[in-house]
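Breakdown of the fold
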Amino acid sequence: MGLAKRIIPCLDVDNGRVVKGVQFVDIRDAGDPVEVARRYDEQGADEITFLDITASSDNRETTVHTVEAIASEVFIPLTVGGGIRTVEDIRTMLNAGADKVSINTAAVFNPEFVREAAERFGSQCIVVAIDAKKVSKPDGDDRWEIFTHGGRKPTGLDAVEWAQKMEELGAGEILLTSMDQDGVKNGYDLGVTRAISEAVIIPVIASGGAGNLDHLVDGIVEGKADAVLAASIFHFGQHSIPEAKQYMADRGVEMRL
Amino acid sequence: MHTVAVIDYGMGNLHSAAKALEHVAPDGMKVLVTSDADVIRKADRVVLPGVGAIRDCMAEIRRLGVDDLVREVVKTKPLLGICVGMQVLLDHSEENGGVDCIGLLPGNVRYFGRELYENDQHLKVPHMGWSQVTQSDHPLWNGIKDESRFYFVHSYYAQCEERELVAGTCQYGVQLDAALTKDNLFAVQFHPEKSAKAGLQLLSNFLRWNP
């Protein structure tokens, strides 16, 4: 028996409430983040990711308090993302009880920030979030590009090369969201997941598009991801964590049951 | 009043360890996150956490005299090392071009390397996630099933030269020492404070351990 693949429920939090947008627009309320985190911990989630999707500076304090409240009760790893732009932001979240922070846009605009963060706090707590969209190429080969601002702004950066660069700069893990699939529940983009997972030595979390339990299995088996992140299939009671874990284990994926 | 001191030498996140200890502490026991040598000397138990690069950890440990303090307190009270707080207890680490450590446990800390395989599978580094730990008989495992999974995150691993000091092992491309013990000292590579029920049980056992 080796390392278990991880299931990571994701809490998208807006103004202190868990919400889940469909392609970052439609918002449904899924409850109090502390309650939701506690429920997932009790169910046997392997980690929890907290994404602050408001991320405007006036809500910062609410986020810090929520992270503190979760960290006081939940004894599994907690990643916090959304609006992490400075070393001070990282320190604030780690002091509030986060175990890792997820850096997204700030890495795109200033890759050296990833190096600085990793040197200061250690690679183990630096997750780089990559939002990738498939773009067609004249010769027909698959290519994925990094997008920012909820998938609206292309950057011209190749997603696979970018992931390798982030690893070199000291990222400890990649959180890969395939943007065109996010919230529409057609499954992860297995092509980009596999391409990146095979191109880097650090763990890769597949995110964006999990709509059923087969998608989770596919993310690991076909996409070669080390962990799968999902939100709405768990938030709205479609599936529980133990059910998902058993389903994956029955299909040969090593899980912590 | 009974106290457990979590040694704060300025390296990263002590909140998790302190919160988890508070969660399982018996009534009347206080958890103190501190760098004050007197508070640490007076504590009933001591926890040495650690994250990040070992060179920076050891530099701060030496600057604050934590190395001598650890050598002193471990003679009389239970001490728990966690993650890099375990690694610094060995003689030497390969990380950062080679760093001399505290040397309470004989052995070295080695890099997994980029060519790490198990059953023909290329393994990711860092070793991040839940792995099984094979236990040796020790009171800190009370109430925890052998082969239970704990949460690991590390790129370097301990190899103790005296195998009778190994209290737990883990397989990840190599066989690594997941737990080491010697007299009053118990040290773990994984994060008990992040390992759900099994981890909380181990911390609870530590707070009630009388070696």
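Computed from a predicted model, the values in this text were never measured in an experiment. (Residues numbered from 1 in each chain as written. Chains lettered and ligands numbered in written order. Predicted model: local features only at pLDDT ≥ 70, side-chain atom pairs only at ≥ 80, totals over all residues. Heavy atoms only, no water.)

**Re the overall build of chain A**
- Check the secondary structure of chain A and you find 10 helices and 12 strands.
- Against the globule reference of 18 Å for 257 residues, chain A gives a C-alpha radius of gyration of 17 Å, in line with a compact fold.
- Taking the principal axes of its C-alpha atoms as reference, chain A extends roughly 50 × 45 × 40 Å.
- Out of the 257 residues belonging to chain A, those deemed buried represent 60%.
- Once local pairs closer than 6 in sequence are excluded, the contacts in chain A between residues at least 24 apart make up 65%.
- Approximately 9,800 Å² of chain A is accessible, and the part contributed by carbon and sulfur atoms is 45%.
- Put simply, chain A has 26 plus and 42 minus side-chain charges, and the middle of one group is 1 Å from the middle of the other. (Helix = DSSP H or I, 4+ residues; strand = E, 2+ residues; numbered from the N terminus. Rg over C-alpha atoms; globule rule 2.2 N^0.38 Å. Buried < 20%, exposed > 50% of the residue type's maximum accessible area, 1.4 Å probe, protein only. Contact = heavy atoms within 4.5 Å. Areas by Shrake-Rupley, 256 points an atom, 1.4 Å probe, with all protein chains shown as cover. Lys, Arg positive; Asp, Glu negative; His and termini not counted. Charge placed at Lys NZ, Arg CZ, Asp CG, Glu CD.)

**A few points about the interface of chain B and chain A**
- With 31 residues of chain B at the interface, the matching set in chain A holds 37 residues.
- A combined buried area of about 2,700 Å² lies between chain B and chain A, and 56% of that area is made up of carbon and sulfur atoms.
- Looking at the side of chain B facing chain A, the largest losses of area belong to Lys124, Met128 and Trp130 of chain B, adding up to 26% of the total buried there.
- For the pair chain B and chain A, the number of links is 4 salt bridges.
- Here aspartate 226 of chain A makes a salt bridge to lysine 124 of chain B, at a shortest N to O gap of 2.9 Å. (Buried area = accessible area lost by both parts, 1.4 Å probe. Salt bridge = Lys/Arg side-chain N within 4 Å of Asp/Glu carboxyl O.)

**Let's talk about the environment of aspartate 100 of chain B**
All names here are of chain B.
- With respect to the helices and strands, aspartate 100 occurs in strand β6 (residues 99-100).
- Sequence-wise, aspartate 100 and leucine 165 are 65 residues apart; in three dimensions their C-alpha atoms are separated by 20 Å.
- Beyond its immediate stretch of four places on either side in the chain, aspartate 100 contacts Met58, Arg62, Asp91 and His92.

**Details of the UniProt feature "active site" (unreviewed entry) in chain B**
Residues and elements named next belong to chain B.
- Per the UniProt record, the feature "active site" (unreviewed entry) sits at Cys83, His191 and Glu193. The largest pairwise C-alpha distance within this set of annotated residues, which runs over 111 residues, is 10.8 Å, so the set is compact in three dimensions.
- In this structure, cysteine 83 sits in the loop between β4 (79-82) and α5 (84-87).
- For cysteine 83, a relative accessible area of 5% translates into the label buried.
- When sequence neighbours within four positions are dropped, the list of residues in contact with cysteine 83 reads Gly50, Val153, Val188, Gln189, Phe190 and His191.
- Residue placement: glutamate 193 occurs in the loop between β16 (185-188) and α6 (196-207).
- Exposure remark for glutamate 193: the relative accessible area of 7% places this residue in the buried category. (UniProt positions renumbered as here; feature names shortened; annotations may be inferred.)

**Looking at the pattern of salt bridges**
- The tally for this structure, following the rule as stated, stands at 29 salt bridges over all chains.
- When the shortest N-O distance is used, the salt bridge between glutamate 73 of chain A and arginine 38 of chain A registers 2.6 Å. With a gap of 35 residues between them, glutamate 73 of chain A in helix α2 (residues 60-73) and arginine 38 of chain A in helix α1 (residues 33-43) connect regions that are remote in the sequence.
- Note on glutamate 73 of chain A: relative accessible area 31%, which makes it partly exposed.
- Here arginine 55 of chain B makes a salt bridge to aspartate 56 of chain B, at a shortest N to O gap of 3.6 Å.
- Sharing partners across several salt bridges, the network here consists of Arg6, Glu47, Lys100 and Glu173 of chain A.

**Details of the sheet that holds β6 of chain B**
Residue and element names in this part refer to chain B.
- Pairing within the open sheet is mixed, and its 4 strands lie in the order β6-β5-β7-β13. Either end of the sheet is taken by a strand with one partner, and the two such strands are β6 and β13 (156-160).
- The pairing of strand β7 (residues 107-111) with β13 spans 5 bridges and is classified as antiparallel. Following the sheet pairing, arginine 110 is matched in β13 by tyrosine 157. (Pairing = 2+ DSSP bridges.)

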